[in-house]
Each structure stands twice: as C-alpha cells, then as structure tokens.
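Residue-level listing of the chains:
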Amino acid sequence: MKREGDPLSGGHPHVSAPDGGRDERKKLDGLRASILSRGEEERERILKEAEARAERWLADHTAQLDATVRSIRDDAVKQAQDISDRRLVEAGTSRDRERLRLRSGLVQEALASLQKALVGLSARDDYDAILTGVAAEVCERLHSGRVGLRLRAEDAPLGEGIARALRARFPKLDVRFDDTPEPILGGVVLFSEDEGWRISADWRAKIEEMTDSVAGAVLAEL
C-alpha cells in the first residue's frame, strides 16, 4: 500500500521554504527598484534632449519659412513682370489705356501665382516644419494659457506633431490640436480655449499681408 510522502510510492514530501528564498526575494525587489529608478532617469534625460532638439529645429525651420515665402513672392512678381512686358508690347497705340486696365489684372495674377506656390508647399518633405513655423510666429506674441490649433482636413495627420513641437518651444503655452477641419487652403488657425480670440495664419491671410508689397513691385515696372 502506497503512503503519502513516501518517495517510493510516488508522493511528494512537504519541504518548508528555507530562509534563502526570502533573501532572494529581497534581492529581486531591490534589483527591480534599481531598474525602475534608472529607467525614470533615462526618460527624463531623453525628454530634455528631445525638447532641446525641438527648439533648435523650430528656430531653423522658422528662418527657412521666411526665406521660402520671400522667394515665392519674388517669383510671383517676376512672372507678373514677364506678363506685363508681353502684354504692353501687344497693346500698341492704346498703350496708356491698356496700362490702366492691366494694372489690376497683373496684380491679381501675381497674387494668384503666389497662392498657388503657397498651396504647393504641402508637397514638400518639410511641410510640417513650415506649418510649425507659421504657428510659431503667432505663439511668439502670446504669453501663457491653453491654445487650440486647427488645420485643413488634408493636414490633420500633422496636427499632433506640430502641437508637440510648439509646446516644447513655448513651455508657457498649452497647445492642443483640435481635429475639427478648417476651410482654409493651408496654414494654421489658433484660438483661445473659450474661442474668445481666433487668429488665422493661413495662406489667404499671408497673401493679404503681402498684397501691398506685391502690387508695389508689379506697378513699379509699368
């Protein structure tokens, strides 16, 4: 007859846990705490480095944006001037009358060319940096608080990244992306939490800002 605990009978004798087991548990707990502590320190280091990189990156791309817009404006003016040269030659004896009529048309064509170029920026690899730079121009004038960010529907996938870059650059602003699409050609729209104020830094607004300078450059050639 088999007896419980008898090795020959196939049973398993009861063995009490030695003190060594508790020591191993303490060692494991200490090791786990050490690993967690190091992980927290590493996370803080990575966050600080990321914020520093984001700030340098944003400053660089804001400068690039300004240069890009100036280049686009110059190209639009040049195209309008070329059109002016051709049309004024065709005007012949009615040169003065045609000049008056052409002025408005040439300015509008230059602005349309500018708008087309701005909309075309969405095809660039650094388009997210361009939008971040546009938003940063507005954020520079804000002091603190919660700020909402909206984009056109096609640019929505870039929203969270832009908001994150702005928070890193402007730590006093709590910039949050709102995925409600804006009916704009491109650019950004920023607004307060209660929408008490709203700033459209979109391509139409950019074009309006440059209308006088574009018109002046075009008309100077007539």
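Located above this text is the structure these notes cover.
Please read these numbers as outputs of a predicted model, since none were measured by experiment. (Residues numbered from 1 in each chain as written. Predicted model: local features only at pLDDT ≥ 70, side-chain atom pairs only at ≥ 80, totals over all residues. Heavy atoms only, no water.)

Asker: Which parts of the structure should I look at to understand the nonpolar core?
Answerer: Nonpolar side chains in soluble globular proteins tend to end up buried together. Ranked by size, the top nonpolar core spans 42 residues in total, and within it L114, L149, L166, V188, W203 and V214 carry the most contacts. Among the secondary structure elements, those contributing two or more residues to this core are helix 1 (19-91), helix 2 (95-119), helix 3 (127-139), strand 1 (145-150), helix 4 (159-169), strand 2 (173-177), strand 3 (187-192) and helix 5 (203-219). Beyond its immediate stretch of four places on either side in the chain, V188 contacts L131, V134, A135, L149, R150, L151, I199, S200, A201 and D202. (Core = buried A, V, L, I, M, F, W, Y, C linked by side-chain atoms within 4.5 Å. Buried < 20%, exposed > 50% of the residue type's maximum accessible area, 1.4 Å probe, protein only. Helix = DSSP H or I, 4+ residues; strand = E, 2+ residues; numbered from the N terminus. Contact = heavy atoms within 4.5 Å.)

Asker: What exactly am I supposed to notice about empty space enclosed by the protein here?
Answerer: One simple way to see leftover space: roll a probe sized like a water molecule over the atoms. Applying the stated rule across the entire model yields one cavity of 30 Å³ or more. Here the largest cavity defines a volume of roughly 30 Å³. Lining the largest cavity are L151, R152, A153, A156, F177, D178, D179, T180 and P181. Tallied by class, the residues present in the lining of the largest cavity amount to five nonpolar, one polar and three charged. (1 Å grid on protein atoms, 1.4 Å probe; cavity = no way out; pocket = protein on both sides within 12 Å on 5 of 7 lines; lining within 4 Å. Points joined across faces, edges and corners; volume = space filled by probe spheres on them. Nonpolar A, V, L, I, M, F, W, Y, C, P; charged D, E, K, R; others polar.)

Asker: Sorry, what's going on with the sheet that holds strand 4 (residues 198-202) here?
Answerer: Strands belonging to one sheet form pairs held by backbone hydrogen bonds; the direction of such a pair is parallel or antiparallel. Pairing is mixed across the open sheet formed by four strands, whose spatial order is 2-1-3-4. Edge positions in the sheet fall to strand 2 and strand 4, since each of these pairs with one other strand and no more. With direction set aside, neighbouring strand axes in the sheet form an average angle of 25°. Bridge analysis of strand 1 against strand 3 gives four bridges, and the strand direction is antiparallel. Bridging from a neighbouring strand, L149 pairs with L190 of strand 3. Packed on one face of the sheet, helix 3 meets strand 2, strand 3 and strand 4 and runs near 35° to strand 3. (Pairing = 2+ DSSP bridges. Axes fitted to C-alpha atoms, helices over the stretch in contact; angles between N-to-C directions.)

Asker: Is there a simple way to think about the environment of A135 in this case?
Answerer: Looking at where A135 falls in the secondary structure, it is placed in helix 3. Looking at A135, the relative accessible area reads 0%, which means it is buried. The spacing of A135 and V189 is 54 residues in sequence and 7.9 Å in space, taken between C-alpha atoms. With residues near it in sequence (within four places) discarded, A135 still touches L166, V188 and L190.

Asker: Can you help me understand the packing of helix 3 against helix 4 in this one?
Answerer: Helix packing geometry: the angle between the two helix axes and the distance between the axes. Two elements in contact, helix 3 and helix 4, have axes separated by 10 Å at closest approach and are oriented at 45°. Considered as vectors, helix 3 and helix 4 are oriented oblique to each other. By crossing handedness, the relation of helix 3 to helix 4 is classed as right-handed. Packed against helix 3, whose contacting residues are D128, L131, T132, A135, A136 and C139, the element helix 4 presents I162, A165 and L166 at the interface. Looking at the contact of helix 3 with helix 4, its residues break down into seven nonpolar, one polar and one charged. (Parallel < 35°, antiparallel > 145°, perpendicular 65-115°, else oblique. Left-handed = near helix turned anticlockwise from the far one by under 90°.)

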